[in-house]
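These are the residues of each chain, in order.
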Amino acid sequence: MTENKQALPGHETQSSEMNCPSCGRFVGAVTKCPYCGAKVEKRMSLTATRWAAVLLATIGLFLLWLMAVKRDVPVVKLGDIQPTMNFAQIRLEGEVKTDARPFRTGMGMSFHFTDGTGAVIVFITKKQMDEMIENNLTPKAGDQVSFIGSLNVSDDQMSMRLLSVKEFHLTRAVAESVQLADITKKLKGSAITIAGTVTKLEVPPEESKRPYALQLKDASGEQVVNFWQAEYEQIENPDALPGANVRLRVNVGTYRDKVQLTLGSGLDLEILDGPPATDDSRTPAQQAAETYRKKAPPRDFSRGRAATAEAIPLSDITADKKGHTVRVQARVASVTPPQPDSKQPFAVLLRDGDTSLRVTYWSNVDERIADKPVPGALFEMEGVVDVFRDRPQLTVESGYKVRQVEAAPAAPEPVAIASISAADKGQIRTIEGTLGAARDLGKGTAYTLTDDSGAIDLILWHSTVPADVRTPLAEGQTVAATGTIGEYDGQLQLKANAGPSVYILR
Amino acid sequence: MSEFWIVLLSVSAGTVLMSVLSCLPGLHVYNLMGALVLGILALDGTSFAIPAMVYLPAFTGMIVSWAILNTIPAVLLGTPDESALFTVMPGQKYLMAGRGFEGTMITAVGGLAGAFFIVCVMAPLAPRYLPVAQQVLKGHMHWVLWIIITFMLMSEWPKGGNRGPAGWAKFFDAWKTLIAGVITFLLAGLLGFIILTRSPVSHVVAFQNIMPAFVGLFAIPWCLLNIISAASVPPQHTTTSLGINGDVVLRSVWSGALGGGIAAYFPIVTGGVGGMLAGHATAQRDERIFIMGQGVSKFIYYVGAFMLMFVPGLHLTRGGGAWMTKTLFTPLGWADYYLVIGCIAIAAAISYLMMEPLAKVTLKFINRFNYRHVSSVALAIILLMVLGVTGWVGMFIATVATGIGLLPVLFGSRRLNCLGILLLPIACNMSGFGETITGWLGLT
């Protein structure tokens, strides 16, 4: 390499350091010729640039990291969010709209959030979910929260992904202290604080899907609080529960038109040293939280399309409309969730008079539906018409296109079997009775349901009544079943409604 | 005017506009689309609102034309994006031999072949098979990404150490490019964690969060190197025929479609990575197949990824173009799919026809002007674009990224390693331990 070789033809115009001094080939910026391995001397500027680059990369990266860590994340109102903010990391402050619900896969959970100017669904990963459960930070409806998330905005939907549990600040909603006798259906949907003495803790049998039942008594009366194994394991010293004085925060719901109290987290149960004292004082933060609640107009996500899809009656949806985007409104007849570990979609059957339509959507769509479809509820859905086994069906591609218009009517009061006649055919009835032996119908199971006044066949079709409702049923159990009165071979029968229509009472 | 004519005019206008702009070095179609999205959103709700039937065909035409005509600056002006990585070295050889025009035209033929592949093969099969494939593969993406990363890092070969006495000096000589590659990957990954978790860019233009980093990693280092190394381009010759035949075309489509398909379908995997995997998988040695295959690969990567958003039953968002369009428009049903496929076909035809005159004009331009000056102008355009969209914070990010982007160029390792900016954080997030790492970094 003492002498530069003459450049190859066509390379004469290059600077000497661009060609190999040994073989004369063009080598560009490299310092060792890829053809012959000879060392290629470069001007100082290039060598200096190398180390300048290393310095720039490391120092710059360090400064950038400092900047990122020290920077205050901006607080943004949902109403001010623009599509150009897609992927932005922002802080939201406001109220939790719905309780956080775990995904079917158990790999995380989501909740709906509002700040008075808009609403958004917030996704939480499994790791974050576990940490939140451990620290009793699981959001519940009405709680005030402030958190940092990563925004995802598209034409018709918006969502957030929680970035850090460390920066998730939660102020629990004011839970009114209520005497047990004062708990009525008017409190449905609210969280309350109750206190009393545990008279009995009913533990569900192994392999059973029944919840724990905590019987509680105070000076005014008695109530039962239900919770599951996960909450039981969170309770500090659960063995001490029988006979203990406790204070707990519960959610009020209804089951079969009766009040039902559920414990959302085991950390919401406190074992007291003595009988509870009445205390309804609230912290200033809680008082502020109570006055903060506002109703927000829903955000308009119709950008990009001139108008929402055409609304048409179910009867107008035919195979000819394949590929068309349509909007329908009808009552939900049944909801079939996919089997665990299957690749099936959710299937909802909509019915309007004599016409029915199958609607399908995938789990990712279901996760974004604020009010899940339940039998009897009136829903509006928008999707693309497809043809499945020669019949039209609707494929919904966004959870925001599924909207509840009217909630399902409450289950009717139980009636005596003897009071049911042929005139009741097609009507929905609830019967409380004892199950006879199960009879296999191929695609369904039949039981003889007996009460003090008579007997009737209870039919559970596998396509509409989920396995987790059917499986625990056994001969001799007392159940409450809701369904439609039908007739087969001259005998009246009760065809169980889709979904959780049969409950074990005893 | 009927929808048909509106769509035809829009796609033609978008294609012609982007065909001309594609000749500017360093200007990426996604940067321009970003600016247009801002404009469309600003007009939304006013009497000048732009309907989807106008901007959607125009966007399609822009992506198609850029995928084909970006070869001109990549080969003739030496400012490639990372997906043109492999075409640069063989392309530069063509340029240095005075055959730059032929090199660009061979790549363009690859793009045209890619268009035929998308319209005649991918489009009919995608709605039937891709939704099924997606259901099967979506739970496996994380380990696929890790395998790609492992292959990318391990397949880089030592470029020295084969001469001289044994010892640490020889060992270091062999390993220094590999070490530079791994360091580049890790530094880029660190930058990715910061930008994807706590981006310093204003939240108002967050959709361009990553743009300054990409510009710094790929475009600026190349311009800087052109300016510093001061290579002069020999006189270029045009030709009326190309040194390819049917066999070369078919083999190019085979390797390019595989590479582009992998890049378009798998998240974060870009055209360069897909091309590298396909190159190893198909083991094509012919330089012409290499260049043309990259033309096919680039077309399928950019256009195929955009098309996936419209596949009925799939609606997969892949690539910056699809993400930006998604902020404006949600595709539904077959009508939108046919619209996009039709636009791809029309735009590909127009783009290819524009390739030859534009390549000739560019050659005249570089024959007349100094290569250094062209690179300087390109650098100025890029910097102005970053400053305009993301401000001084974006400039700072671009500067840091430039430092990282210069490492592989100056140490002779693969520039693909810069893709650690997306590959590392996304693979970690998909595998469920991204939060742990951002926790260690104090970012969450």
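Everything below is about the structure printed above this text.
Across the contact, 68 residues belong to chain B and 64 residues belong to chain A. Our enumeration of links across chain B and chain A arrives at 1 salt bridge. Between A:Glu167 and B:Arg198 there is a salt bridge; the shortest N-O distance is 2.4 Å. The tally of links from chain B across to chain A stands at 10 residue pairs in polar contact (both at pLDDT 80 or more). In terms of residue count, helix α15 (residues 371-411) of chain B provides more of the side of chain B that touches chain A than any other element does, 12 residues in total. Partitioned by chemical class, the residues of the side of chain B that touches chain A number 40 nonpolar, 19 polar and 9 charged.

Positioned with a positive phi, A:Phe87 is a non-glycine residue whose angle comes to about 75 degrees. Note on placement: A:Phe87 falls in the loop between α1 (44-70) and β1 (89-96). Phi at B:Ile268 is positive, roughly 75 degrees, even though this residue is not glycine. Tracing the chain through its elements places B:Ile268 in the loop between α10 (246-265) and α11 (271-282). Owing to a relative accessible area of 22%, B:Ile268 belongs among the partly exposed residues under this scheme.

Once that is clear, we can look at the pattern of salt bridges. Residue and element names in this part refer to chain A. Tallied over the entire structure, the rule returns 17 salt bridges over all chains. Between Arg-249 and Asp-143 there is a salt bridge, and its shortest N-O distance comes to 3.7 Å. Residue Arg-249 is found in strand β12 (residues 245-255), and its partner Asp-143 is found in the loop between α2 (126-134) and β5 (144-153); the two are separated by 106 residues along the sequence. Looking at Asp-143, the relative accessible area reads 0%, which means it is buried.

Next up on the list: the nonpolar core. The nonpolar side chains of soluble globular proteins are, as a tendency, buried together. Grouped together as the largest cluster of nonpolar side chains are 129 residues, with contacts concentrated most on B:Leu191, B:Val273, B:Phe299 and B:Met307. Among the elements that make up this core, the one with the highest residue count is helix α14 (residues 333-368) of chain B (14 residues). The contact partners of B:Phe299, leaving out residues within four places of it in the chain, are B:Val64, B:Ala67, B:Ile68, B:Gly111, B:Gly114, B:Ala115, B:Ile118, B:Gly304, B:Ile344 and B:Ala348. Counting residues in each nonpolar core, the second largest holds 29 residues, with A:Leu92, A:Met158, A:Leu162 and A:Phe168 among its members.

What counts, and at which threshold
- Residues numbered from 1 in each chain as written.
- Chains lettered and ligands numbered in written order.
- Predicted model: local features only at pLDDT ≥ 70, side-chain atom pairs only at ≥ 80, totals over all residues.
- Heavy atoms only, no water.
- Contact = heavy atoms within 4.5 Å.
- Salt bridge = Lys/Arg side-chain N within 4 Å of Asp/Glu carboxyl O.
- Polar contact = N/O pair within 3.5 Å; in protein donor to acceptor, adjacent residues only side chain to side chain.
- Helix = DSSP H or I, 4+ residues; strand = E, 2+ residues; numbered from the N terminus.
- Nonpolar A, V, L, I, M, F, W, Y, C, P; charged D, E, K, R; others polar.
- Buried < 20%, exposed > 50% of the residue type's maximum accessible area, 1.4 Å probe, protein only.
- Core = buried A, V, L, I, M, F, W, Y, C linked by side-chain atoms within 4.5 Å.

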